[in-house]
Amino acid sequence: MRIFRLHGASFLFLCLFWASLVHGETPPSLLRVQAAGVPEALDSSFLKSMALEVVSKDLNFPGDGAGTFEGVLLARLMGEEESITLLSDDQYLVHLDADFVKKMGAMLVWSQNGLPIPRHRGGPQKLVFAAYEGLHPSLNAWYVTAFVTGNSADGRALRLVQGEKVLLVAGKEALGPQGRIREMQPSVPKGYRQIAAFPGRQPVAGFVLEDLLKSRDLSWETLVLKSLAGRDLRLKRSEVEGRDLFLISYKNQSPLSLPCGGPWALWVPVLKYPDLGEKLPNPDGLFFVYEILVE
């Protein structure tokens, strides 16, 4: 087993030894989002085949000192793409470019000092860096459930799934010429982005969820909105009918990007519908929506 103690530029040596495998904890599954098709769950054996160990810190626990983490390099997961976005089940995101990932030795880890990482310390999977000095704690994403490489999620059609039937919904034209497109300024996902001047709220365009269902002439009793971050939202018919629950797909005439909460997002005016506020993983919505199960 090879353990690396790295600082700054010495991370380059790590790249030469990525094939040194370790035999420790079994990693949880991880969702990979690619340009086409449904998101793919990577099983533990695939992640384990690329595992290595590094001595590092989680900057959210400054008093702990360094520990030995087992995981996989983000550079291995992203291949030749220019960026990678990690999504957590609390809807937090970390968006990084390839140069930063390689320079700082970004790793997705699932064990520390030979033990699974518990939930209260960011497990079962979280982000750490081999070269951690000077980094802000907000970079250490916890509860990571999925990753997206490049811009593969941007502009993705929403999947409406009812039994064997799958309908694809694309952008602002989803409702046809009679559709009611609304402008609004909901919040953005919490997280870290290597993007300058990212605001707390954003001007977007969307439409009412019920209008979409009516335009497709679907009968239903329950909807399950599925998020790439793994936080599904189940809504009963009585929670949707006659309510202004907005599906958002565009910002500034462009498809809603992942750092903005895309490919699709649900926004709920919770002051108007306080009963839904208790169900939402965010104060006023659900980000990273890619599919709706119609039951």
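Residues numbered from 1 in each chain as written. Predicted model: local features only at pLDDT ≥ 70, side-chain atom pairs only at ≥ 80, totals over all residues. Heavy atoms only, no water.

## Regarding the overall build of the protein
Regarding its fold elements, the protein presents seven helices and 22 strands. By the burial criterion, 55% of the 295 residues in the protein qualify as buried. Once local pairs closer than 6 in sequence are excluded, the contacts in the protein between residues at least 24 apart make up 66%. In the form shown here, the protein has an accessible surface area of approximately 13200 Å², with 53% of it arising from carbon and sulfur atoms. (Helix = DSSP H or I, 4+ residues; strand = E, 2+ residues; numbered from the N terminus. Buried < 20%, exposed > 50% of the residue type's maximum accessible area, 1.4 Å probe, protein only. Contact = heavy atoms within 4.5 Å. Areas by Shrake-Rupley, 256 points an atom, 1.4 Å probe, with all protein chains shown as cover.)

## A few points about empty space enclosed by the protein
One simple way to see leftover space: roll a probe sized like a water molecule over the atoms. What the rule picks out here adds up to two cavities of 30 Å³ or more. Its boundaries defined by the atoms lining it, the largest cavity holds a volume of some 60 Å³. Forming the boundary of the largest cavity are 13 residues, of which P186, S187, I248, A265 and F287 lie nearest the centre. Where the lining of the largest cavity is concerned, the elements lending two or more residues are β21 (264-267) and β22 (285-294). Along the lines of polarity and charge, the residues of the lining of the largest cavity split into nine nonpolar, three polar and one charged. Taken as a whole, the second largest cavity spans an internal volume of roughly 50 Å³. Together, K57, D58, F61, D64, G65, F69, Q112, R121 and K126 line the second largest cavity. When its residues are assigned to classes, the lining of the second largest cavity shows two nonpolar, two polar and five charged. (1 Å grid on protein atoms, 1.4 Å probe; cavity = no way out; pocket = protein on both sides within 12 Å on 5 of 7 lines; lining within 4 Å. Points joined across faces, edges and corners; volume = space filled by probe spheres on them. Nonpolar A, V, L, I, M, F, W, Y, C, P; charged D, E, K, R; others polar.)

## With respect to unusual backbone geometry
The residue after G123, namely P124, is reached through a cis peptide bond having omega 10 degrees. Cis geometry marks the peptide bond from G262 to P263, where omega comes out at 10 degrees. Secondary-structure assignment places P263 in the loop between β20 (254-255) and β21. With a phi angle near 55 degrees, N113 is a residue other than glycine that sits in the positive phi range. Take N113: it is sitting in the loop between β8 (106-112) and β9 (115-116). Although it is not a glycine, D217 sits at a positive phi angle of roughly 55 degrees. Tracing the chain through its elements places D217 in the loop between α5 (209-215) and β17 (222-227).

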